[in-house]
Amino acid sequence: MKPKAHRTQVADSQLELPLGRSGGAHDLAYYIGICKIYAAYHKHWPTLDASREEFRAARVKDVDGQRIQRELRYPAPELEADPEYQALRERCLLDGMREGVSLEALDPRYRTVLSESGIAGLFASIALPVRAGPDAVRYATGLPAHALEELTLRVGQGIAMRALADAGVDPQDPRVLARSFSVRVHANDELKSVIDRIGIHRPSLDARLADHYLLDAGEDGRLTVRYQLLAGGRYAGRFEVGQLCAKLASVYALDPELAQLRGAEALEMPAVPAIPAAPAPGSIGELREQLAMLRADGQSLVLPIQALSRSADIRHLLEEAGGDYRAAAQRFDFEADIDPAAVVAQLLRNGAL
């Protein structure tokens, strides 16, 4: 009786998922369905090394991990025309997967993202931190520590500048930028669930989420969960840039500290010193600049690490001045009665170089 019940369950699963299609016309849901049946039997998502025998044990015939990967990477016209496949491929490419959709990308942990309402709920909680009291836990910057379920929302520069301008404050004023830089949100249940499902390690219950993660709202409308101490992150969904700008503008407009700066004369930034122009290639100025890069070391002049375009001219001048070129040591040795530093100084003073 048990084997018969098992066959009935598998058959129902295969009918429920899009596996009854004939021919080679398969969309993204077909491949996800295959992987779901495999995962239901083996209790884990298939990998590239999943064999044909393992799929056959799950009652899926004529397929293995390598074949699924190949068909995803080089899609048939029907799969390539599937909007769901196109959206997933675009996301994979944006996430740095140069080959496009892979078997790993079908994993629900990768495909899990925040809903529009979930992102709207996060943005509804946007706030600027209040000044910390004398007994409050503070960061080195003086800002109060995050609450347990608070996260920093790092906003794209263009979004922040637009929101500041809409709030009536000068986005070029460094005092305004310093106050508006730290934006925080409250992690809702959906975000915490997404963090769990996509496999990001959750800290202990008494640790702050902000110690491990932050949210990045890019100017392209992509929301990303990023690690605080590691490189990289995970895509969490898309948002309307205009709506985020409007929300930020309302937060900035109601902030007492920014209100005091509204209409105030902006601080002048110190002038950036002009960078001298590099001498023209082949000029006397270029030769003098590279000659000055040699370093005196006892009775020797040592060449710099970087290659010099005028090394032949420098060698000719120093050998005429009594230097003995040592190619292996990248230096010029002089007799005891010759001061190498004085040789360079004399050559630099000589306008006929």
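Just above sits the structure.
Residues numbered from 1 in each chain as written. Predicted model: local features only at pLDDT ≥ 70, side-chain atom pairs only at ≥ 80, totals over all residues. Heavy atoms only, no water.

Chemist: A description of the overall build of the chain should follow, citing residues and the corresponding values.
Modeler: Summing up its helical and strand segments, the chain has 16 helices and 9 strands in all. Contacts in the chain between residues at least 24 apart in sequence constitute 57% of all its contacts with a sequence separation of at least 6. For the chain, the accessible area works out to roughly 20,600 Å², and carbon and sulfur atoms hold 53% of it. (Helix = DSSP H or I, 4+ residues; strand = E, 2+ residues; numbered from the N terminus. Contact = heavy atoms within 4.5 Å. Areas by Shrake-Rupley, 256 points an atom, 1.4 Å probe, with all protein chains shown as cover.)

Chemist: Could you give an account of helix H12 (residues 241-254), with specific residues and numbers?
Modeler: The terminal C-alpha atoms of H12, which comprises 14 residues, lie 20 Å apart, in line with the 20 Å expected from a rise of 1.5 Å per residue. Of the residues making up H12, those classed as buried are Leu244, Cys245, Leu248, Ala249, Val251 and Tyr252. The buried side chains of H12 occupy one side of the element, clustering within an arc of 165° when seen end-on. Projecting away from the buried face of H12 at angles above 90 degrees are the exposed residues Gln243 and Leu254. (Expected span 1.5 Å × (residues − 1). Buried < 20%, exposed > 50% of the residue type's maximum accessible area, 1.4 Å probe, protein only. Arc of directions from axis to C-beta.)

Chemist: Pulling in residues and values, what's your account of the side chain of serine 180?
Modeler: Its location among the elements puts serine 180 in helix H10 (residues 174-180). Among the polar contacts made by the side chain of serine 180, one reaches the main-chain carbonyl oxygen of valine 176 at a distance of 2.9 Å. Setting aside residues up to four positions removed in sequence, serine 180 forms contacts with Leu128, Leu164 and Tyr252. (Polar contact = N/O pair within 3.5 Å; in protein donor to acceptor, adjacent residues only side chain to side chain.)

Chemist: Which residues make up the sheet that holds strand E3 (residues 213-217), and what are the values?
Modeler: The strand order E2-E1-E3-E4-E5 describes an open sheet built from 5 strands, whose pairing is mixed. Taken across any chain shown, the strands that pair with only one partner, and hence form the sheet edges, are strand E2 (184-186) and strand E5 (233-238). When the angles between neighbouring strand axes are averaged without regard to direction, this sheet yields 30°. (Pairing = 2+ DSSP bridges. Axes fitted to C-alpha atoms, helices over the stretch in contact; angles between N-to-C directions.)

Chemist: How would you sum up the pattern of salt bridges? Please name residues and give values.
Modeler: Enumeration over the complete set of coordinates arrives at 18 salt bridges. A salt bridge links aspartate 333 to arginine 326, with the nearest nitrogen and oxygen atoms 3.3 Å apart. By sharing partners, the salt bridges in this structure join Asp324, Arg326, Arg331 and Asp333 into a single network. (Salt bridge = Lys/Arg side-chain N within 4 Å of Asp/Glu carboxyl O.)

Chemist: Go over unusual backbone geometry with me, naming the residues and quoting the values.
Modeler: In this structure, arginine 59 takes a positive phi of about 70° despite not being glycine. Mapping arginine 59 onto the fold places it in the loop between helix H3 (52-57) and helix H4 (65-73). Under the relative-accessibility criterion, arginine 59 is labelled partly exposed at 39%. Phi at glutamine 330 takes a positive value of approximately 55°, unusual for a residue other than glycine. Considering the arrangement of structural elements, one finds glutamine 330 in the loop between strand E8 (324-326) and strand E9 (331-333).

Chemist: For the packing of aromatic side chains, give the residues involved together with the corresponding values.
Modeler: Enumeration over the complete set of coordinates arrives at 4 aromatic pairs. With a centroid separation of 5.1 Å and an interplanar angle of 85°, the aromatic rings of tyrosine 30 and tyrosine 31 are classed as edge-to-face. The class for tyrosine 30 is buried, based on a relative accessible area of 15%. Residues tyrosine 38 and phenylalanine 55 carry aromatic rings whose centres are separated by 4.6 Å and whose planes lie at 45° to one another, so their mutual orientation is tilted. Of this pair, tyrosine 38 sits in helix H2 (residues 28-42) while phenylalanine 55 sits in helix H3, and the two are 17 residues apart along the sequence. A single burial state applies to tyrosine 38 and to phenylalanine 55, both of which are buried. (Phe/Tyr/Trp six-rings, centres within 6.5 Å; stacked < 30°, edge-to-face > 60°.)

Geometry only, nothing functional implied.
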